[in-house]
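Coordinate analysis (summary)
Residue strings, one per chain:
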Amino acid sequence: MSNPWIDELWRAGIIAAVALLLGLVFGQPWLWLLLAVSAYLGWHLRNLARLVEWLRVGRRFHPPESSGIWDEVFQQIYRLQQRNRQRKRKLGSMLNRFQQATAAMPDATVVLTPGDEIEWWNQAAERLLGLSYPRDTGQRISNLLRHPAFVEYLARGDYAQPLEMPSPADEHVGLSIRIVPYGNNQRLLIARDISRIQRLEQMRRDFVANVSHELRTPLTVLAGYLETLDGDAEEADGDWRHALPVLRQQTERMQRIVEDLLMLSRLETDSGQGGQEPVSVPAMLAVICDDARRLSDDKRHEVLLEADPELWLRGNDHELRSLFSNLIFNAVRYTPAGGRIRVRWYQEGGQAVCAVSDTGIGIAPQHIPRLTERFYRIDVGRSRQSGGTGLGLAIVKHVLLRHQGELGIQSEPGKGSTFSARFPAGRVVRVAGQARAAE
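Conventions and cut-offs
- Residues numbered from 1 in each chain as written.
- Predicted model: local features only at pLDDT ≥ 70, side-chain atom pairs only at ≥ 80, totals over all residues.
- Heavy atoms only, no water.
- Helix = DSSP H or I, 4+ residues; strand = E, 2+ residues; numbered from the N terminus.
- Buried < 20%, exposed > 50% of the residue type's maximum accessible area, 1.4 Å probe, protein only.
- Contact = heavy atoms within 4.5 Å.
- Areas by Shrake-Rupley, 256 points an atom, 1.4 Å probe, with all protein chains shown as cover.
- Core = buried A, V, L, I, M, F, W, Y, C linked by side-chain atoms within 4.5 Å.
- Pairing = 2+ DSSP bridges.
- Axes fitted to C-alpha atoms, helices over the stretch in contact; angles between N-to-C directions.
- Phe/Tyr/Trp six-rings, centres within 6.5 Å; stacked < 30°, edge-to-face > 60°.
- Salt bridge = Lys/Arg side-chain N within 4 Å of Asp/Glu carboxyl O.
- Expected span 1.5 Å × (residues − 1).

A few words on the overall build of the protein chain. Tallying secondary structure elements over the protein chain gives 13 helices and 13 strands in all. Looking at the protein chain as a whole, 36% of its 439 residues qualify as buried. Within the protein chain, contacts between residues separated by at least 24 positions form 59% of all contacts whose residues are at least 6 apart in sequence. Only carbon and sulfur atoms are counted for the fraction: they give 55% of the accessible area of the protein chain, which is about 26,300 Å².

Structural data, given as C-alpha cells:
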C-alpha cells in the first residue's frame, strides 16, 4: 500500500513542473506557477470545506468522495467514527444491562453526583426511600433523607460501617445504609431492608430478658434455702456436707449469669447514649482494685493502679463501674498465682484510656475477634472453673458503644494481655484539685 503523503508530494511536484513548462512555452513562467499553486490551494480549501460540512451536519454516514491525501483523511475519520459508534453501542448495551441488573436488585440503589445530587435510582429506592421520578431527579439526597443520623453520616465521609435508620417512606421499616465511593468523586448509596433481622433481634432480646426475669425469683428462693441448709451443715450427713457448697457455688454462678443477661438486655434495649454526669473514674478504679485484691485471695496477685487524679469522664456511673470491673476481674481470673496486674488511667491524644495489663495465659490471635461475643470461651473448662459467665466482654463492648468508645486488645500466648478501653475527647472532664477534695 502506497504512502498517501508521498503520492501527494508527487502530485504537487507534477503540477509545479507542468506549470513551469507551460510558462516556458507561452511565456511568463511565474504567472503560470502562481495559477497552478492557486488551483492546488483551491482544491485543498474545497476539500476542507467538505470535511467541515460533513462533520457539522453529522447525518451522512459515508464520507465525501475525494482523491489523494484528502481521501485518506476522509477514510481515517470514517473508520474512527465507526469505532466510536461501536464503542457507544457497546457502552450503551453495558449501561442498559447495569440498569436492568440494579433495577432488579431488592436493595435500593441511588447514584449520587460529587455534589450529592441524585442522578439515578432503581425501583427499590422508590419503595424504600420514597423517591419519585421525575420530581426528585437532581435533588440533593440530604434534602430528601433528613434523618439527623444520615445527614451526619453523609457529611462525615467515613463509610466503613453501615448506618441503620428507619425508612423515610415507612417508619416501621428499618434500613441499613452504606455509601460506596467510585469513579470521579461519585458515590453509590445502597439501602437494605433489615426489618426482619431487627424483628428477630428484638425477639431474641425479649426472650432473654423474659427468661432472665423468670429465673431470678426461683434462683433467689433456691439461694435462700441453701443458705438455711448451710447453717445446719454440721448436722447433715456426709453426702450433704459435700453437696451443699457445690450447690451454693453453682447457684451463685447462675445468679451472676442472670444479672449479666439482664444488664445486657437493658444495654441493647436502651437506644440512648451513656449518661453525661461527671464520674470520678480514679476513685472508682481504686475501689475496684481493692475488690480485685480480695478476689485474688490466696493467689496473691500484685494489683497496681496508676491513675491521673484529675481525669474524669462523662458517662453513666453504673455502666462504667461494670465495664472497668469486668476488665480488671477478668485479669485476676486468668492470671496465674503470683502474677501482676497493672491498671492505668491516662489521657492520650485527647482521649481517655483505661488499660488493664496482666501476666496471664495470653490469647491466641484467632480468638481475639470473637472475644466480645456472648458466652464465647477460649477454654470452657478453665473459664467455668474461674467463675466467669462468658458475658463480661460483651457487656464491655455494649457499654463502650453507648459511650462512643472502642476496645483494643493486644495479647500473646504465654506473655499476658492488655485490654484498652478508649473514650472520645468529648467525654473527658478535667477536675482541679479543690473540686476533687470537695468530692
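In terms of nonpolar packing, the biggest core is built from 45 residues, with L323, F324, I328, W345 and F423 touching the most fellow members. Elements with a contribution of two residues or more to this core: α8 (238-269), α9 (281-296), β8 (311-315), α10 (317-333), β9 (340-348), β10 (351-358), α12 (392-402) and β12 (416-423). Of the residues forming this core, the biggest block, eight residues, is contributed by α10. When sequence neighbours within four positions are dropped, the list of residues in contact with L323 reads V396, V399, L400, A421 and F423. Within the second largest apolar cluster, 24 residues are counted, among which are L128, L131, L145 and V173.

Glancing now at the sheet that holds strand β7 (residues 302-307). The five strands are arranged β7-β9-β10-β12-β11 in an open sheet whose pairing can be described as mixed. The sheet terminates laterally at β7 and β11 (406-412), the two strands that pair on one side only. With direction set aside, neighbouring strand axes in the sheet form an average angle of 10°. Bridging between β7 and β9 involves six bridges; their strand directions are parallel. Bridge assignment links V303 to a residue of β9, and that residue is I341. Its contacts with the sheet put α9 on β7, β9 and β10, and the angle it makes with β7 is roughly 180°.

Attention shifts here to the packing of aromatic side chains. A full pass over the atoms with the stated rule returns eight aromatic pairs. Both rings, one in W54 and one in F74, keep their centres 6.1 Å apart while their planes meet at 85°; by these two values the pair is edge-to-face. Here the residue W54 occupies a position in helix α2 (residues 29-57), and F74 occupies one in helix α3 (residues 68-104), the gap between them amounting to 20 residues. Grouping residues by exposure puts W54 and F74 together as buried. What links up through ring pairs into an aromatic cluster is the set W54, W70 and F74.

What follows concerns the pattern of salt bridges. Side chains that differ in charge, positive against negative, can pair when their charged atoms come close. What the rule picks out here adds up to 15 salt bridges. The partner of D136 in a salt bridge is R135, with the nearest N and O atoms 3.0 Å apart. Relative accessible area serves as the criterion here: at 54%, R135 is assigned to the exposed category. Residues R430 and D308 are paired through a salt bridge, measuring 2.8 Å at the closest nitrogen-oxygen approach. Here R430, found in strand β13 (residues 428-430), pairs with D308, found in the loop between β7 and β8; they are 122 residues apart in sequence, far enough to count as distant. According to the relative accessible area criterion, R430 is partly exposed, its value standing at 43%.

Looking now at α3. Across its 37 residues, α3 extends 54 Å between first and last C-alpha, which sits within 8% of the 54 Å expected from 1.5 Å per residue. Listed in full, the buried residues belonging to α3 are I69, W70, F74, Y78, Q81 and T102. Among the structural elements, α1 (4-26), α2 and β2 (118-121) are those in contact with the buried residues of α3.

Our next topic: the sheet that holds strand β4 (residues 174-182). Strands belonging to one sheet form pairs held by backbone hydrogen bonds; the direction of such a pair is parallel or antiparallel. The five strands are arranged β2-β1-β5-β4-β3 in an open sheet whose pairing can be described as antiparallel. With partners counted over all chains shown, the strands left at the sheet margins are β2 and β3 (163-166), one partner each. Adjacent strand axes in the sheet meet at a mean angle of 30°, parallel and antiparallel pairs treated alike. The pairing of strand β1 (residues 108-112) with β2 spans three bridges and is antiparallel. Within β2, the position partnered with L112 by the bridge is I118.

So yeah, pure geometry; function would need other evidence.
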